[in-house]
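# Examining the three-dimensional arrangement
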Amino acid sequence: MPPPAWAEGGLDALHEVAGRTGLAVPVPALAWLLGRPGVTAPIVGARTLEQLETNLGAADLDLDPAGAALLTEASDQRLPYPYSVIETDPELR
């Protein structure tokens, strides 16, 4: 099953950042999540010990500012109606 249309930009950005770093795609994704405010423990979905060991490398990865900005921009999705109205109307907050 293909990813939903709203997720494709994020996946493209993850593949680009992973390609730059030479790491598996989940590693920069987890490193980016670790640097996000309010995220205390990203969920590591590993099925094998090898995947777990690879993904734990995210704790030691410092994403470059350009890579982090690319992932942040790709994940910044517009809220659908009616949430977009609530977000912009101070009387509804």
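Notes on the structure follow.

What the chain contains, in helices and strands, is 5 helices and 0 strands. Counted from the first residue to the last, the chain has its helices and strands arranged as α-α-α-α-α. Within the chain, the proportion of its 93 residues that are buried is 20%. Sequence-distant contacts, at least 24 apart, represent 60% of the contacts inside the chain between residues at least 6 apart. For the chain, the accessible area works out to roughly 7000 Å², and carbon and sulfur atoms hold 59% of it.

As a further point, take the pattern of salt bridges. In total, this model carries 1 salt bridge according to the counting rule given. In this structure, Arg-20 engages Glu-16 in a salt bridge whose closest nitrogen and oxygen atoms are separated by 2.7 Å. On the criterion of helical spacing, the pair formed by Arg-20 and Glu-16 is a turn pair, its members being 4 residues apart in helix H1 (residues 5-21). Take Arg-20: its relative accessible area is 46%, and that puts it in the partly exposed class.

A contiguous nonpolar surface patch, about 340 Å² in accessible area, is contributed by Val-44, Leu-49, Leu-52 and Leu-56. With respect to the helices and strands, the residue Leu-52 is situated in helix H3 (residues 49-56). Classification of Leu-52 as partly exposed rests on a relative accessible area of 34%.

Okay, the side chain of Asn-55 next. Considering the arrangement of structural elements, one finds Asn-55 in helix H3. With relative accessibility at 9%, the residue Asn-55 sits in the buried group. Setting aside anything within four residues of it in sequence, one finds Asn-55 in contact with Pro-26, Val-27, Leu-30, Val-44 and Ala-46.

Here the focus is the nonpolar core. Counting 12 residues, the largest nonpolar core is built from Ala-13, Leu-14, Val-17, Val-27, Ala-29, Leu-30, Ala-31, Trp-32, Ala-58, Leu-63, Leu-71 and Ala-74. At the level of secondary structure, the elements contributing two or more residues to this core comprise H1, helix H2 (26-34) and helix H4 (65-75). Tallying contributions element by element places H2 first for this core, with 5 residues. If near-sequence neighbours (up to four positions away) are discounted, Ala-31 is found in contact with Ala-58, Leu-61 and Leu-63.

What counts and how
Residues numbered from 1 in each chain as written. Predicted model: local features only at pLDDT ≥ 70, side-chain atom pairs only at ≥ 80, totals over all residues. Heavy atoms only, no water. Helix = DSSP H or I, 4+ residues; strand = E, 2+ residues; numbered from the N terminus. Buried < 20%, exposed > 50% of the residue type's maximum accessible area, 1.4 Å probe, protein only. Contact = heavy atoms within 4.5 Å. Areas by Shrake-Rupley, 256 points an atom, 1.4 Å probe, with all protein chains shown as cover. Salt bridge = Lys/Arg side-chain N within 4 Å of Asp/Glu carboxyl O. Patch = residues over 30% accessible without salt bridge, like charges linked within 9 Å, V, L, I, M, F, W, Y side chains within 5 Å. Core = buried A, V, L, I, M, F, W, Y, C linked by side-chain atoms within 4.5 Å.

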